[in-house]
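Understanding the architecture of this molecule
Listed below are the residues making up each chain.
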Amino acid sequence: MNLLARSLVFGLAFVALSLGRIPAGMADEKDGRLDIYFIDVEGGAATLFITPAGESLLIDSGYPDNGGRDLNRILKVLRDVAGRKHLDHASVSHWHLDHYGNHAALASQITINNFWDRGVPEKLSEDPSFPERAAKYRAASQNKSKTLKVGDKIPLKSGTTPLELKTVTASGEVLPNSGENNPFVGENKPQPDDPTDNAQSVSLLLSFGKFRFLTCGDLTWNVEAKLVTPKNPIGKVDLFMVTHHGLNVSNNPTLVRAIDPRVTVMCNGPEKGGNPETLQTLRQVKSLQAQFQLHRNVKLPDSEQTPAEFIANSSDTPDCKGVYVKATIAADGKSYTVQIGPDGKVHKFETRS
Ligand SMILES: [Zn+2]
């Protein structure tokens, strides 16, 4: 090969490498991994998925206002960390402001291809300003949001490892009761029925190969019990997003112990969620190996929360840097890692078989 040919080959190889280069730790179409970012929105929820096919899905969007705090945190993770310019899917678990607070604002800054929710009610008894806010959401979605009912799947492209996202509760309805008997039915001490939209939350079960992840929005106690009584149609899961920021009107041990997660992530705030009763329930989960929290609960002693190395943010809201928790599921779905922020210690777990 003469000098000119050699320079040409070298040059082409360099261009190919540069084009293919992505920031370290970012999932993309070629590596086959699934990334889940639990974005810190100070006691709301905003969970971003980047699939092996490169599709993006955001479940919930944090609080509005606060100088665009949550909006900017979501955009930062989406654009700067995950390297995406748009959202393929944006879903709402239920109609409380800490969950759909930024859907309209996001739509004014980026393209959102598909909106998903439990249906948009005309009004909400607990929020007199709901009709006004819902009008903004409807406008942002151009009145084309799709209603999720139990059994519905949000369509995501699968690669060699099958990927599925299925609705298991919505608008108070639950999956048909099938599966094995739930040995924790006796743990249920019913609470007064919850008249708020929390009880109507959309819960989603994600499967990626054998890996399984459950997120239930702010689903409350009696509907949790209804889902897994007397049989458990969910089965066991690997990763569980602790429900309703870790509040004790959710996280019924009848559900939490039945799904027996190995790892949990709690999207709590400095003074919201992370109740001691929920921690007690998590401590009783047989297979639990690690419990992550987005925040240290500043009102509780260290003994009543997870150890500091599993807490993403320790300071109160004004000083909070909004560090996320990230789960990455291997391309074959057989193992996964969880870490705090981009540089946190990488904790590795095996998917249950
Ligand atoms: Zn909430």
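Residues numbered from 1 in each chain as written. Predicted model: local features only at pLDDT ≥ 70, side-chain atom pairs only at ≥ 80, totals over all residues. Heavy atoms only, no water.

Across its full length, the chain holds eight helices and 19 strands. Computed over C-alpha atoms, the radius of gyration of the chain comes to 21 Å, within 12% of the 20 Å expected from 2.2 N^0.38 for 353 residues, which places it in the range of a compact globule. Residues classed as buried in the chain amount to 54% of the 353 residues present. Taking the contacts inside the chain whose residues are at least 6 apart along the sequence as the reference set, 68% of them involve residues at least 24 apart. In the structure as shown, the chain presents an accessible area of about 15500 Å², 54% of it carried by carbon and sulfur atoms. (Helix = DSSP H or I, 4+ residues; strand = E, 2+ residues; numbered from the N terminus. Rg over C-alpha atoms; globule rule 2.2 N^0.38 Å. Buried < 20%, exposed > 50% of the residue type's maximum accessible area, 1.4 Å probe, protein only. Contact = heavy atoms within 4.5 Å. Areas by Shrake-Rupley, 256 points an atom, 1.4 Å probe, with all protein chains shown as cover.)

Protein coordination of the zinc ion is provided by D98 (OD), H99 (NE2), D218 (OD) and H245 (NE2), with donor distances spanning 2.1 Å. Here the donor residues for the zinc ion map to a single chain with the spacing D-H-x118-D-x26-H. Taken together, the positions of D218 in the loop between β11 (211–215) and α6 (221–227) and H245 in the loop between β13 (239–242) and α7 (253–259) put the pair 27 residues apart, joining distant regions of the chain. (Donors = N, O, S within 2.8 Å, 3.2 Å for Na, K, Ca; no water.)

Take helix α8 (residues 276–283) next. For an α-helix, the turn length of 3.6 residues means that residues three or four places apart are oriented alike. Listed in full, the buried residues belonging to α8 are T278, L279, T281 and L282. Around the axis of α8, the buried residues are gathered within 160° of arc, so they sit on the same side. Looking at the buried side of α8, the elements it contacts are β13, α7, β14 (263–266) and β15 (290–295). (Arc of directions from axis to C-beta.)

So, about the sheet that holds β15. Judged by pairing direction, the sheet is mixed, and its eight strands sit side by side in the order β8-β7-β10-β11-β13-β14-β15-β16 without closing on themselves. Edge positions in the sheet fall to β8 (173–174) and β16 (311–313), since each has one partner strand and no second. Judged from the three bridges that link them, β11 and β13 form a sheet pairing that is parallel. Looking across to β13, one finds that T215 is bridged to M241. (Pairing = 2+ DSSP bridges.)

That bond from T229 to P230 is cis: its omega, -5°, falls within 30 degrees of zero. When you line up the elements, P230 lands in the loop between α6 and β12 (231–232). Unusually for a residue other than glycine, D65 sits at a positive phi of about 65°. Position of D65 relative to the elements: it lies in the loop between β3 (56–59) and α2 (69–81).

This paragraph deals with the pattern of salt bridges. Enumeration over the complete set of coordinates arrives at 15 salt bridges. A salt bridge links E187 to R257; the nearest nitrogen and oxygen atoms lie 3.3 Å apart. Linking E187 in the loop between β9 (180–181) and β10 (203–208) with R257 in helix α7, this pair joins segments that are 70 residues apart in sequence. Under the relative-accessibility criterion, E187 is labelled partly exposed at 28%. The salt bridge involving E271 is made with K299; its shortest N-O contact spans 3.8 Å. (Salt bridge = Lys/Arg side-chain N within 4 Å of Asp/Glu carboxyl O.)

For the chain, the average pLDDT comes to 93, and 92% of its residues sit at 70 or higher. Long-range and interchain partners of residues 10–24, a stretch whose pLDDT sits below 50, account for one contact in this model, where long-range means more than four residues apart. (pLDDT = per-residue confidence, 0-100.)

Let us now look at the sheet that holds strand β5 (residues 112–117). In a beta sheet, neighbouring strands pair by backbone hydrogen bonds and run either parallel or antiparallel. Pairing is mixed in the open sheet, where nine strands are placed in the order β6-β5-β4-β3-β2-β1-β17-β18-β19. The sheet is open, and its two edges are formed by β6 (146–147) and β19 (347–350), each paired on a single side. Of the strand pairs in this sheet, strand β2 (residues 47–50) and β3 are connected by four bridges, and their pairing is antiparallel. By the bridge assignment, F49 is partnered in β3 with L57.

Turning next to the state of the cysteines. Each disulfide consists of one covalent bond between the sulfur atoms belonging to two cysteines. Throughout the structure, instances matching the rule amount to zero disulfides. Unpaired in this structure, C216 has its nearest cysteine sulfur neighbour in C267, at a distance of 12 Å. With relative accessibility at 1%, the residue C216 sits in the buried group. (Disulfide = S-S within 2.5 Å.)

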